[in-house]
Amino acid sequence: MKQVIVVNEALRLPRGKLAAQVAHAAVGAFLAADADAQRAWLAAGMPKIVVGCDSAEALVELESRARSAGLPLSLVRNAGRTVLPEGTETCLGIGPATDDMLSPLSGELKLVR
């Protein structure tokens, strides 16, 4: 079990903002998961990876694919209080889920550096 957090890298977020948005996505996707998935993920040590995509459009397309696959998810839209306009799609949290379920969606995405 793991989570995948996908970052809209076109935004070139400052590090602190990036960390906050990734945290929102991780917590939101966890809360969207069923209790069995939550327990399994917690027992596994809460593994997660953070990868990037090229645009908001790519993020929304990935959200659609994850939703169609029945995965727990959370698309983070910025509240507009700091560096980004309200509604900007920043991150997508997917899972906790198994590698078999996540790899077809995110296996080709590069780690955020």
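In case you missed it, the structure is sitting above this.
Values in this document were obtained by computation on a predicted structure and should not be read as measured data. (Residues numbered from 1 in each chain as written. Predicted model: local features only at pLDDT ≥ 70, side-chain atom pairs only at ≥ 80, totals over all residues. Heavy atoms only, no water.)

A few words now on the environment of Pro85. Its location among the elements puts Pro85 in the loop between strand E3 (73-77) and strand E4 (89-97). Non-local contacts of Pro85, meaning those with residues more than four positions away in its chain, are made with Asn78 and Gly80. (Helix = DSSP H or I, 4+ residues; strand = E, 2+ residues; numbered from the N terminus. Contact = heavy atoms within 4.5 Å.)

Let's shift gears to the pairing of E4. Within E4, 9 of the 9 residues are buried, which leaves the element mostly enclosed by the surrounding structure. Two elements, E3 and E4, share 5 bridges in a ladder whose sense is antiparallel. Residue Leu73 lies in a different strand from E4, and its bridge partner there is Ile94. (Buried < 20%, exposed > 50% of the residue type's maximum accessible area, 1.4 Å probe, protein only. Pairing = 2+ DSSP bridges.)

Before going further, it helps to examine the nonpolar core. With 15 residues, the main nonpolar core has Val6, Leu71, Leu92 and Ile94 as its most contacted residues. Elements represented by at least two residues in this core include exactly strand E1 (2-8), strand E2 (48-53), helix H3 (56-68), E3, E4 and helix H4 (99-106). Excluding residues within four positions of it along the chain, Leu92 makes contact with Val4, Ile5, Val6, Ala25, Leu59, Leu62, Glu63, Leu73, Ser74 and Leu75. Core analysis: the second largest hydrophobic core is formed by 10 residues, Val7, Val76, Leu84 and Cys91 among them. (Core = buried A, V, L, I, M, F, W, Y, C linked by side-chain atoms within 4.5 Å.)

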